[in-house]
Amino acid sequence: MLLGLLFALAAGLMWGLVFVAPVMLPGYAPALLTVGRYLAFGLIALPLALLDRRVLRELRASDWWEAAKLSLVGNFLYYLCLSAAIQRAGAPLPTMIIGTLPVVIAVCANHRNRVRDGHLPWPMLAPSLALIAAGLTCVNHDELTVLQSQAGDLRRYAEGALLAIAAVACWTWYPIRNADWLRAHADRSPRAWATAQGLVTLPMALLGVLLLGAVHLAAPGVLIPADYAWPLGEKPLAYVGLMVAIGLCSSWLGTLCWNEASQRLPTSLSGQLIVFETLAALAYAFTWKQRMPPAATFSGVALLVAGVVLALRIKPVKTPQ
C-alpha cells in the first residue's frame, strides 16, 4: 500500500508538468504540442525497448492492440483535448474540470471493479470523496474568481469546458482499462508495459506529424496558425526541449510509476490519488507565475491531503461473484 502510494505520488509529480506546457508555449497549437510530446515519447521508448526486449517479445498481438488503444485514447486524444481546452479557456476552468477525475474514477471503479478489487463501502468512501471535492473547489476558488471577472467570450469558455469534459472521459477510461491489463498480467513488468505504449505511440505520432504538415501546406490556419514557422516554430529550442522533457518525464516515467501503483492498489483508490497531479500542476503554475498561492488554495490542499489519507484507511470488502 505504501509503495503504491509513493508511485502514485511520483506519477502525479510527473503529470503535473503537462498543465504548464501550453502556458509556456502559447504560440504553439494544441495539435503541435500533442504530436511533439508523443513523438518524443516514442523515440525515447526505442532505446528503452532494448532493456525489456525479452519481455516485449512475449506480448501477443492482442496485448499490442490494447497498448495501441490505451495510447490513442489516454495519450493523444486526452492531451489534445486538454491542450485545446487550456488554450481556449485559459488554465483555471480546464484545471477545475480535470480536477474532478479523482472523484469520477473512484466512483466508476468502485462500482465496476467491486468483484476483482473489493468494494469500498459507500458510507465510508463518501467522506473521502467529499473532502476531495471540497478541496478541489477551494484550490480553484481564486482562479475561478479571476475567470468570472474576465469572462468576455462565453463561447470560448464553453468550448474549453466541453473539451475539458472530453478529456475527463478519456482519462476515466484509460486508468481503468490499463489497470485491467496490469491486474490480468501481474507477472509482467510495469516498465515494459510503459515502454510498449511508447512504441505504439511512435507510428501514431509520425503519422500525426505528416498529417499536420500536409494540412498546414494545403490550408494554412486550419489547425496551425498560418504564420507558423514549420516545423519547429519561432522557439525551436524551447519547443524541442520541453517536448523531450515531458516525453521522458510525463509520458514514460509517469506511465511507469502509474503502472506500478495500479498493480498494487485498487483502482477505486488509485483513482483518488490523481489529486497528486492536480497539486503538482498548481505548484508548477504558481511557480511559473512567480506568485504565492492564496489562503483558499492552501486550505484546499489540506482538504485534498485529508481526503487521500482518509481513503487509504478504508479496507476493501470482498464482493462475491
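The structure this text deals with has already been given above.
Residues numbered from 1 in each chain as written. Predicted model: local features only at pLDDT ≥ 70, side-chain atom pairs only at ≥ 80, totals over all residues. Heavy atoms only, no water.

Observations regarding the overall build of the chain
(1) Moving on: Within the chain, the regular secondary structure consists of 16 helices and zero strands.
(2) Moving on: Against the globule reference of 20 Å for 321 residues, the chain gives a C-alpha radius of gyration of 20 Å, in line with a compact fold.
(3) Moving on: Oriented by its inertia axes, the alpha-carbon framework of the chain measures out at about 60 × 55 × 30 Å.
(4) Moving on: Here the analysis covers contacts within the chain between residues at least 6 apart in sequence; of these, 88% occur between residues at least 24 apart.
(5) Moving on: For the chain, the exposed area adds up to about 14,300 Å²; of that, 71% sits on carbon and sulfur atoms. (Helix = DSSP H or I, 4+ residues; strand = E, 2+ residues; numbered from the N terminus. Rg over C-alpha atoms; globule rule 2.2 N^0.38 Å. Contact = heavy atoms within 4.5 Å. Areas by Shrake-Rupley, 256 points an atom, 1.4 Å probe, with all protein chains shown as cover.)

A closer look at the side chain of Thr172
(1) Moving on: If you trace the backbone, Thr172 turns up in helix α11 (residues 154–184).
(2) Moving on: At 2.7 Å, the side chain of Thr172 and the backbone oxygen of Val168 are in polar contact. (Polar contact = N/O pair within 3.5 Å; in protein donor to acceptor, adjacent residues only side chain to side chain.)

A word on the pattern of salt bridges
(1) Moving on: Applying the stated criterion across every chain, the model contains eight salt bridges.
(2) Moving on: The salt bridge partner of Arg191 is Asp52, with a shortest N-O separation of 2.8 Å. Placement of Arg191 in helix α12 (residues 190–218) and of Asp52 in the loop between α3 (30–51) and α4 (53–57) is noted, with a sequence separation of 139 residues between them.
(3) Moving on: Its relative accessible area of 33% is what places Arg191 among the partly exposed residues. (Salt bridge = Lys/Arg side-chain N within 4 Å of Asp/Glu carboxyl O. Buried < 20%, exposed > 50% of the residue type's maximum accessible area, 1.4 Å probe, protein only.)

Some words on the nonpolar core
(1) Moving on: Tyr78, Tyr79 and Trp171 are the most contacted members of the largest nonpolar core, which totals 82 residues.
(2) Moving on: A total of 11 residues in this core trace back to one element, the largest contributor, which is helix α5 (residues 61–89).
(3) Moving on: If sequence neighbours within four positions are ignored, Tyr78 has contacts with Phe19, Val73, Ile98, Ala167, Cys170, Trp171 and Glu277.
(4) Moving on: Membership of the second largest hydrophobic core comes to five residues, among which are Ala106, Leu125, Leu129 and Ile314. (Core = buried A, V, L, I, M, F, W, Y, C linked by side-chain atoms within 4.5 Å.)

As for the packing of aromatic side chains
(1) Moving on: A full pass over the atoms with the stated rule returns 12 aromatic pairs.
(2) Moving on: Their ring planes at 80 degrees and their centres at 5.6 Å tell us that Tyr28 and Tyr228 sit as a pair that is edge-to-face. Of this pair, Tyr28 sits in the loop between α2 (21–24) and α3 while Tyr228 sits in the loop between α12 and α13 (236–264); the two residues are 200 residues apart in sequence, bridging distant segments of the chain.
(3) Moving on: Summarising the aromatic geometry, the rings of Tyr28 and Tyr239 are spaced 4.8 Å apart at their centres and angled 5 degrees between planes, so their arrangement reads as stacked. With a gap of 211 residues between them, Tyr28 in the loop between α2 and α3 and Tyr239 in helix α13 connect regions that are remote in the sequence.
(4) Moving on: For Tyr28, a relative accessible area of 2% translates into the label buried.
(5) Moving on: One aromatic cluster is present, formed by Trp15, Tyr78, Trp171, Tyr174 and Trp258 through successive ring pairs.
(6) Moving on: Over the aromatic face of Tyr79 sits the side chain of Arg37, whose NZ or CZ is 4.6 Å from the ring centroid. (Phe/Tyr/Trp six-rings, centres within 6.5 Å; stacked < 30°, edge-to-face > 60°. Lys NZ or Arg CZ within 6 Å of the ring centre and 35° of its normal.)

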